[in-house]
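Chain by chain, the residues run as shown.
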Amino acid sequence: AGAPRERQFLLPLVEIPLMNIALTLNNWAMFNEPWTWVTMDTIAANLSGGWEFDTDDFDINNVGHPYQGSYPYLATRSAGYTFWQGMLGAGLGSFMWEIAGEAEPPSINDMITTTFGGSFLGEALHRTSIALLRSANGWPYWLRLTGSILLNPVGSFNRWLTDGRYDLADYDDEAPLLAR
């Protein structure tokens, strides 16, 4: 029904690795702890070794990982892909991070939390940022635009870069599910 969805393949393909590289370099510069010392040897060890269950603090596992997962999700979603395809983007970003973003062995609970938490948080951020742009409700555009950028910087960048062609494709003002 209707025209086929337009997608931008290269945006998430380039942005997801770049975001992981930027975060890896940021962690190394800020913390300079052994877990930040990523080398080709640690990447090879992560590729050939087993996965573990990590015991990071609650805030890292349940707040930090969903936010980190929301960025590759939003890169994929704002390039015209669906929720489920965005979840694949979040999973790809999480897998790349677990293998090449830290010098410690990959964590199965981080992979799950980052992928699923990032997708659910990312969808809320995606829809809310678009809703801010689409409905005036008496607020000036500059304020709605600022809120949209703060909620979804990746989508806002992609909207600017592509003149907004992709991420509004499946948005409507009705919630897909309303439950009370």
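Note: the structure precedes this text.
Residues numbered from 1 in each chain as written. Predicted model: local features only at pLDDT ≥ 70, side-chain atom pairs only at ≥ 80, totals over all residues. Heavy atoms only, no water.

A. Spotlight on the layout of surface pockets. Reported here for the largest pocket is a volume of approximately 370 Å³. For the largest pocket, the lining is made up of 16 residues, of which Asn-27, Trp-35, Ile-60, Gln-68 and Glu-102 are closest to its centre. Its residues assigned to classes, the lining of the largest pocket comprises eight nonpolar, five polar and three charged. (1 Å grid on protein atoms, 1.4 Å probe; cavity = no way out; pocket = protein on both sides within 12 Å on 5 of 7 lines; lining within 4 Å. Points joined across faces, edges and corners; volume = space filled by probe spheres on them. Nonpolar A, V, L, I, M, F, W, Y, C, P; charged D, E, K, R; others polar.)

B. Quick look at the pattern of salt bridges. Counted according to the given criterion, the structure contains three salt bridges. Close ionic contact of Arg-165 with Glu-6 constitutes a salt bridge, the shortest N to O distance being 3.7 Å. Highlighted residues: Arg-165 in the segment after helix 7 (153–161) and Glu-6 in the segment before helix 1 (10–31), separated in sequence by 159 residues. Its relative accessible area of 46% is what places Arg-165 among the partly exposed residues. Between Arg-127 and Glu-123 there is a salt bridge, and its shortest N-O distance comes to 2.8 Å. Highlighted residues: Arg-127 and Glu-123, both in helix 5 (residues 108–134), separated by four residues, approximately one helical turn. The exposure class of Glu-123 is buried, given its relative accessible area of 11%. Several salt bridges share partner residues, and in doing so they unite Arg-77, Glu-123 and Arg-127 into one network. (Salt bridge = Lys/Arg side-chain N within 4 Å of Asp/Glu carboxyl O. Helix = DSSP H or I, 4+ residues; strand = E, 2+ residues; numbered from the N terminus. Buried < 20%, exposed > 50% of the residue type's maximum accessible area, 1.4 Å probe, protein only.)

C. Geometry of helix 2 (residues 40–48). Burial in helix 2 covers these residues: Thr-42, Ile-43 and Asn-46. Across the axial projection of helix 2, the buried residues extend over an arc of 100°, all falling on one side. Summarising the geometry of helix 2, the exposed residues directed more than 90 degrees from the buried face are Met-40, Asp-41, Leu-47 and Ser-48. Considering only its buried residues, helix 2 is in contact with helix 4 (83–100). Between the side-chain oxygen of the N-cap and the backbone nitrogen of Asp-41 there are 3.2 Å, and the N-cap of helix 2 in question is Thr-39. (Arc of directions from axis to C-beta. Contact = heavy atoms within 4.5 Å. Polar contact = N/O pair within 3.5 Å; in protein donor to acceptor, adjacent residues only side chain to side chain.)

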